[in-house]
Amino acid sequence: VQLVESGGGLVQPGGSLRLSCAASGFTFSSYDMSWYRQAPGKERELVAVITSAGSRTNYADSVKGRFTISRANAKNTVYLQMNSLKSEDTAVYYCNVLRWGLHYWGQGTQVTVSS
């Protein structure tokens, strides 16, 4: 299993970023996918989840209405569109899949929201 995140960077408050996670090594279309984040000094937290077919999503209360998770099964890719970014969204963002009872993580992509 390999998960490779991209799309992070420095953005001003109120701005937008789109994260991507390219997956390989497993049948992508059969698994729910998630985005987590970890801010300095804090525990890793679940941000958003999308079901295998993309029919259902769920979000942390802190990002509802601002973030959108989506997937392209033909491209083995999951996305996180982040709008109206706030300084408290600053964190390393990780792609995740739970497969056969094991969590798999990407290397993470840094998102910094600052003026």
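Quick note: structure is the one above.
Residues numbered from 1 in each chain as written. Predicted model: local features only at pLDDT ≥ 70, side-chain atom pairs only at ≥ 80, totals over all residues. Heavy atoms only, no water.

Secondary structure assignment for the chain yields zero helices and eleven strands. Order of helices (α) and strands (β) in the chain, N terminus to C terminus: β-β-β-β-β-β-β-β-β-β-β. Against the compact-globule benchmark of 13 Å for 115 residues, the chain has a radius of gyration of 13 Å, which places it among compact chains. Reported as C-alpha extents along the three principal axes, the dimensions of the chain are approximately 40 × 25 × 25 Å. Per-residue burial for the chain yields a buried fraction of 42% across its 115 residues. Long-range contacts, defined here as pairs at least 24 residues apart, represent 52% of the contacts in the chain between residues at least 6 apart. On the chain, roughly 6100 Å² of surface is accessible, and the fraction owed to carbon and sulfur atoms is 47%. The distance from the centre of the 11 positive side-chain charges to the centre of the 7 negative ones in the chain is 7 Å. (Helix = DSSP H or I, 4+ residues; strand = E, 2+ residues; numbered from the N terminus. Rg over C-alpha atoms; globule rule 2.2 N^0.38 Å. Buried < 20%, exposed > 50% of the residue type's maximum accessible area, 1.4 Å probe, protein only. Contact = heavy atoms within 4.5 Å. Areas by Shrake-Rupley, 256 points an atom, 1.4 Å probe, with all protein chains shown as cover. Lys, Arg positive; Asp, Glu negative; His and termini not counted. Charge placed at Lys NZ, Arg CZ, Asp CG, Glu CD.)

Quick look at the state of the cysteines now. Using the criterion set out here, one finds one disulfide in the structure. In this model Cys21 forms its disulfide with Cys95; the gap between the sulfur atoms is 2.2 Å. Looking along the S-S bond of the Cys21-Cys95 disulfide, the torsion reads about -85 degrees, which is the left-handed sense. Within this pair, whereas Cys21 is found in strand β3 (residues 17-24), its partner Cys95 is found in strand β9 (residues 91-99), the two being separated by 74 residues in sequence. What makes Cys21 buried here is its relative accessible area of 0%. For Cys95, a relative accessible area of 0% translates into the label buried. (Disulfide = S-S within 2.5 Å.)

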